[in-house]
Amino acid sequence: MQNLIAPQTGFRGEVVAVHPKLTEILDRPAYANLSAVPGGVDLAVIVAPPGEIPAVMEDCAAGKVPVAIIITGGFAETGAAGRVLEERIVATARAGDVRLIGPNCFGVISTSAGLNASLGIGMPARGGIALYTQSGAYGMAAFTQSQEDLIGFSRVVACGNKADLDETDILRAFGEDPETRVIAMLLESIGDGRRFFEAAREIARCKPIVVLKTGRGEAGRRAAASHTAALASDTVITLSALRQAGIRVVDDGLTLLDVAAALDRQPPLVGHRIAIISNSGGTGVEISDLLESRGLQVPKLSEPLQAAIRPVLPAYGSAANPIDVTTEWRRFPEMYGSSLAALIDSDEVDAVVPVLLQRSALMSEVTDRVIAEVAAARARGAQKPVHVCWVGSEAAENNRRRLLAAGIPCHFWPARTAQVLALSAAVGGSEPRVAAARRIARPQIGVDGGWLSSDLAFALIADAGLPVTPWRIAGSRAEAIAAAETLGFPVVLKAEREGLIHKSDSGGVRLGLVRAVAVGEAYDDVANRLGATTVLVQRQARPGVELVLGARRDATFGPVVMAGLGGIWVETLGDVALRLAPFDEEEALAMLDELKGRALLSGSRGRPAIDRAVLASLIARLSDWIAGAPWLEELDANPVIANADGFVVVDVRMRVSAQSHDQAQSRSGTGGRTPS
Ligand code: ADP
Ligand code: MG
């Protein structure tokens, strides 16, 4: 209540108290219930013992209150009884058209309205960042940091237990909010991953979104029976989905705020080329190395551009990039100022980093010139970001604050500068896939689902449009030989037995069978050793690069497709990329670009290059097919051999969900909860 009525916040709305016994609180009238408040109520902020809140919520519904924030804890977070209480409150709220924030939350702040309906101490500075935080204390920590670095917020929202409104609702509200330029989110859990993904993908096109996803432990990792399940862990899926939506993902809270603040102050980095102006050769080299390690470049400037910059530098300075202004400190303002202007206006670089170190940081004339040049450039319409790398003493602090107040980010030391600048670059949010996915019928394998036979799995993957090596199932020695003769030599013979997962581990794959007698011998061998009387006979593909394609259905993000380097070393390499399905060829190409071993695809050691466009179209086709097969739990095509003949799947495994689960999924669409 004190937060709401504090005069310095400038809140112009009316604040009244509702209390069962008191008639006055903090010199304001207190009413017995919400319905008694004259003129009605726009927002209820509820701080009451948990047991009383069901009645308070009845009162909110009766009083036609549109939104209520329940700060109080003691609900679902405490166990089963708390959960029941929380469900009762939500039911009352839904029935009465009351939207809820909380319970068990930090609350809501709107700086422009001067509204501090939170547990926070004081108001943060006003600015363009909307912060959603799942942790209340974090909201407060953000304020402290905002004072340190003059970071300004438009809104701060915490939804606590997310009983009604959740991170996606708030994200949508931030997206539509004209006062919010940048969205920063600290997420511990995402309730409906697919819904969040769709919203973020739409919003990220017009507003930067920066996310810190905590709770990345692998505690929830299940015993992995497929390569896809082992490699596409929940964490990896979440992070891939966030990036696919066009979100900038950071690893820690301070970086979350720094990147958001930099994007609020400066345009995002578009391109890779960075110019550096420094009074320290050593720092210039250090920051160049750090930028390059993050995929950015510090290109040598063209002769004409160097010629334009050189006249202001001493003869022993360098105009090549990094620009070295040397120690001629009397000329610092002019050297920093005119080279900054020339670099902002040139089309040879995409961002400029003035390094202000020691004396250049101390000189207020340098600060003046940097501020003036950036302002002049913006007035000319130049959209190139300028980030200062700051290595200054306490005595220079006033200059740093002036730069920040002028909207110029000042990062401490080169590593931080390189990190924040690189993270401010736009990430490729993918286009939504428009093609309507074909519905694929669930194979009839009983209500419990489970792993499919190779025969069925190959037939289905061929239906998905992937090229499959010709195969036959054989139940005897004679059948195996006949199959080999039909398929044509050389052939491969594989043990086919339920529960046999990694066939080659137990000697269940016999390669290079060139004659009928070899096939017969191989049949006897797997039959005797592994007790497999049913075998799979395949035509042997020519050697090539072994790839993996996989898919799984994530409980919250829905269908996910994986592509990468495969073969028997797939887990060891761990070199895969993931995307939520369905997606298009362009997105599939981006997946291939992400692989560490992508050089293998462009042909090496005498191997022909792989047709990336064809591979991308296969991956995109698989993603379409998966999206239409909600009964599919897991799929591994490993390896898909890429050779001079093209691509061919030689091994595939598929697991199908239990029937009831499948039906439940088709009812609710993506398998998530009903959007509210
Ligand atoms: P598993 O993964 O169960 O151990 P695979 O069927 O993937 O068994 O076979 C293991 C390896 O054998 C593959 O990675 C591939 O190198 C090779 N291989 C299997 N089938 C063929 C085939 N039809 N043509 C060429 N090589 C094959
Ligand atoms: Mg395999």
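Small disclaimer: the values here were computed from a predicted structure and weren't measured.

Cut-offs applied
Residues numbered from 1 in each chain as written. Chains lettered and ligands numbered in written order. Predicted model: local features only at pLDDT ≥ 70, side-chain atom pairs only at ≥ 80, totals over all residues. Heavy atoms only, no water. Phe/Tyr/Trp six-rings, centres within 6.5 Å; stacked < 30°, edge-to-face > 60°. Helix = DSSP H or I, 4+ residues; strand = E, 2+ residues; numbered from the N terminus. Buried < 20%, exposed > 50% of the residue type's maximum accessible area, 1.4 Å probe, protein only. Lys NZ or Arg CZ within 6 Å of the ring centre and 35° of its normal. Near = heavy atom within 4 Å. Polar contact = N/O pair within 3.5 Å; in protein donor to acceptor, adjacent residues only side chain to side chain. Areas by Shrake-Rupley, 256 points an atom, 1.4 Å probe, with all protein chains shown as cover. Pairing = 2+ DSSP bridges. Axes fitted to C-alpha atoms, helices over the stretch in contact; angles between N-to-C directions. Contact = heavy atoms within 4.5 Å.

Let us now look at the packing of aromatic side chains. Tallied over the full model, the rule gives four aromatic pairs. Where Phe-332 meets Tyr-336, the ring centres are 5.8 Å apart and the plane angle is 85°; that geometry is what we call edge-to-face. Here Phe-332 pairs with Tyr-336, and both are found in helix α12 (residues 332–345), just four residues apart, close to one helical turn. Centroid distance Trp-625 to Trp-631: 6.1 Å. Interplanar angle 90°. Geometry classified as edge-to-face. Neither residue differs from the other here; Trp-625 and Trp-631 are each classed as buried. For the cation-ring pair, Arg-359 lies above Trp-329, with the distance from its terminal atom to the ring centre recorded as 4.1 Å. Above the plane of the ring of Trp-451 lies Arg-655, whose end atom (NZ or CZ) is 6.0 Å from the centre.

Let us look at the site of ligand 1. Ligand 1 sits among 18 residues. The nearest are Lys-494, Lys-503, Ser-504, Ala-541 and Glu-546. Contact between ligand 1 and Lys-494: an oxygen atom at 2.5 Å from a side-chain N or O atom of the residue. Gln-538 has a polar side-chain atom sitting 3.1 Å from a nitrogen atom of ligand 1. Contact with the protein chains hides 90% of the accessible area of ligand 1, taken as 550 Å² for the molecule alone. Of all the elements in the fold, those that place two or more residues in the shell around ligand 1 are β21 (491–495), β22 (509–513), β23 (535–539) and β27 (632–643). A total of three residues in the shell around ligand 1 trace back to one element, the largest contributor, which is β27.

This part covers the sheet that holds strand β10 (residues 153–158). Strand order in this open sheet of seven strands is β8-β7-β10-β9-β11-β12-β13, and the pairing throughout is mixed. The outermost strands of the open sheet, each flanked by one partner alone, are β8 (115–118) and β13 (248–250). Across the sheet, the axes of successive neighbouring strands diverge by a mean angle of 15°, strand direction being ignored. Examined bridge by bridge, strand β9 (residues 126–133) and β10 share five bridges and lie parallel to one another. Note on β10: the bridge partner recorded for Leu-131 is Val-156. Against the sheet, helix α5 (residues 167–176) touches β9, β10, β11 (182–187) and β12 (209–213), its axis set at about 170° to β11.

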